[in-house]
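Here are the chains, one letter per residue:
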Amino acid sequence: MRIAREQVRVRVPATSANLGPGFDALGLALGVWDDVTVRAVAGPTRVVVEGEGHGSLPDGEDHLVVRAVRAGLEMAGAPQAGLELHCRNAVPHGRGMGSSAAAVVAGLVAARGLISDQSALDDDTLLGLATELEGHPDNAAPALLGGATTSWVDAEGPHAVAIPIAAGLRPTVLVPQETLTTSSARRVLPRQVPFDDAAHNVARVALLVLALGGRTDLLLAATEDRLHQDYRADVMRPTADAVRALRDAGWPAVVSGAGPSILVLEPLDRATGDALAAHGWQVLDPGVAPDGAHLIDT
Ligand code: HSE
């Protein structure tokens, strides 16, 4: 395998995982994009970051996109060069919007774009590598494939398929000022859950697949979760309170991924959006990203 292109540019979407009851399985790609240019060079690795993460991310080999490019090149058996990265980041960090999955998937798709035989890094291979770097595939799958996905892991590794979604599905994302790491939000989860709660979520996930596909009248019932959100409430109290208030008012609101952003699977009305904005929430209307990470012309 050889490096066939000196430079590639990748766009990769934000993602929201879980969608309420689909813990570690469901995910949705959102129309907020990171844009990464990767150049193979003879000199040392350097990373320039604009936008989200500027000034707070590593600027060399430890940068997550660099690590992902390296993982992809290594898997393909391609020689490793120095790398120059230019990242223009719009996906908020530490908010449950899949910024680390975006970085990993961008790096892997860039590696695929650099090499002479792109079939060596097909989507299944990239999902496997992304899951190794991320720990779970629920953000990486929609970042790679676009749209809504469900993912699962078996002895062969992670898999993902697209969930058909209604053309009119228009999510709202509420982004707080506060950040939270996924590891902090996973640390508070229990080792076991009541059987009734597990059964509750099985029914809601099945319903959610139908609701996403067009039965939008079912979205509120379908997004009720008992596996993770309540256990996490104490580490994201404003988020938990806002999700509860929105749901009580009839909005299909859930914690976005591991939080603390909120995903509402409908456009909010002006009054509700304005009230949340007045309390410091950034209200986004990003649309669904129908495509996952892809190369664009440089
Ligand atoms: N399913 C994950 C969680 C999403 O809720 O912890 C974060 O990547």
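Residues numbered from 1 in each chain as written. Predicted model: local features only at pLDDT ≥ 70, side-chain atom pairs only at ≥ 80, totals over all residues. Heavy atoms only, no water.

### Re the pairing of strand S3 (residues 46-51)
Reasoning step 1: By the bridge criterion, six bridges tie S3 to strand S4 (residues 82-89) in an arrangement that is parallel. Within S4, the position partnered with Val47 by the bridge is Leu85. (Pairing = 2+ DSSP bridges. Helix = DSSP H or I, 4+ residues; strand = E, 2+ residues; numbered from the N terminus.)

### Considerations on the UniProt feature "domain: GHMP kinase N-terminal" (unreviewed entry) in the protein
Reasoning step 1: Following the UniProt record, one finds the feature "domain: GHMP kinase N-terminal" (unreviewed entry) at residues 64-147.
Reasoning step 2: This span, residues 64-147, is 56% helix and 10% strand, and a straight line between its end C-alpha atoms measures 24 Å. (UniProt positions renumbered as here; feature names shortened; annotations may be inferred.)

### Points about the sheet that holds strand S8 (residues 253-255)
Reasoning step 1: The strand order across the open sheet formed by four strands is S8-S9-S7-S10, and the pairing between neighbours is antiparallel. Both outer strands of the open sheet, S8 and strand S10 (282-284), are each paired with one neighbouring strand and no more. Adjacent strand axes in the sheet meet at a mean angle of 20 degrees, parallel and antiparallel pairs treated alike.
Reasoning step 2: One ladder, built from three bridges, connects strand S7 (residues 172-175) with strand S9 (residues 262-264); its direction is antiparallel. Across the sheet, Leu174 pairs through a bridge with Ile262, a residue of S9.
Reasoning step 3: Here helix H9 (residues 237-248) sits on the sheet and contacts S7, S8 and S9; the angle it forms with S8, its principal contact strand, is near 160 degrees. (Axes fitted to C-alpha atoms, helices over the stretch in contact; angles between N-to-C directions. Contact = heavy atoms within 4.5 Å.)

### Considering the site of the ligand
Reasoning step 1: Residues in contact with the ligand, as listed here, are Ala17, Asn18, Phe23, Asp24, His136, Asp138, Asn139, Thr182, Arg186, Arg232, Gly257 and Ala258.
Reasoning step 2: In this structure, an oxygen atom belonging to the ligand sits 2.8 Å away from a side-chain N or O atom of Asn18.
Reasoning step 3: Take Asp24: an N or O atom from its side chain is 2.5 Å from a nitrogen atom of the ligand.
Reasoning step 4: Look at the ligand: alone it shows 260 Å² of surface, and the protein chains cover 96% of it. (Near = heavy atom within 4 Å. Polar contact = N/O pair within 3.5 Å; in protein donor to acceptor, adjacent residues only side chain to side chain. Areas by Shrake-Rupley, 256 points an atom, 1.4 Å probe, with all protein chains shown as cover.)

### A short note on the pattern of salt bridges
Reasoning step 1: If you walk through the whole model with that rule in mind, you get 15 salt bridges.
Reasoning step 2: Residue Arg170 pairs with Asp285 through a salt bridge whose shortest N-O separation is 2.8 Å. A residue pair is termed long-range when its members are at least 10 positions apart, and Arg170 in the loop between strand S6 (157-163) and S7 and Asp285 in the loop between S10 and strand S11 (294-296) qualify at 115 residues.
Reasoning step 3: The closest approach of N and O atoms between Arg244 and Asp248, which form a salt bridge, is 3.5 Å. You can see Arg244 and its partner Asp248 sitting in helix H9, four residues apart, about one turn around the helix.
Reasoning step 4: Several salt bridges converge on common partners, so that one network encompasses Glu224, Arg244, Arg247 and Asp248. (Salt bridge = Lys/Arg side-chain N within 4 Å of Asp/Glu carboxyl O.)

### Comments concerning the environment of Val47
Reasoning step 1: Tracing the sequence through the fold places Val47 in strand S3.
Reasoning step 2: Apart from the residues lying within four places of it in its own chain, the contact partners of Val47 are Pro58, Asp59, Gly60, His63, Val66, Leu85 and Cys87.

### Topic: unusual backbone geometry
Reasoning step 1: The step from Gly259 to Pro260 runs through a cis peptide bond, and the omega angle for that step is 5 degrees.
Reasoning step 2: One can find Pro260 in the loop between S8 and S9.
Reasoning step 3: Phi angles above zero are rare outside glycine, and Asn18 is one such case at about 80 degrees.
Reasoning step 4: Structurally, the position occupied by Asn18 is in the loop between strand S1 (7-17) and strand S2 (26-41).
Reasoning step 5: Non-glycine residue Asp24 carries a positive phi angle of around 65 degrees.
Reasoning step 6: Tracing the sequence through the fold places Asp24 in the loop between S1 and S2.
Reasoning step 7: Owing to a relative accessible area of 22%, Asp24 belongs among the partly exposed residues under this scheme. (Buried < 20%, exposed > 50% of the residue type's maximum accessible area, 1.4 Å probe, protein only.)

### A short note on the UniProt feature "binding site: ATP" (unreviewed entry) in the protein
Reasoning step 1: The feature "binding site: ATP" (unreviewed entry), as annotated in UniProt, sits at Pro92, His93, Gly94, Arg95, Gly96, Met97, Gly98, Ser99, Ser100, Ala101 and Ala102 in this numbering.
Reasoning step 2: Within the secondary structure layout, Pro92 lies in the loop between S4 and helix H2 (99-114).
Reasoning step 3: Setting aside its immediate chain neighbours within four residues, Pro92 contacts Glu52, Met97, Ser99 and Val175.
Reasoning step 4: As for its placement among the helices and strands, Ser99 is situated in helix H2.
Reasoning step 5: Dropping the residues within four chain positions of it, Ser99 is found in contact with Val91, Pro92, His93 and Gly94.

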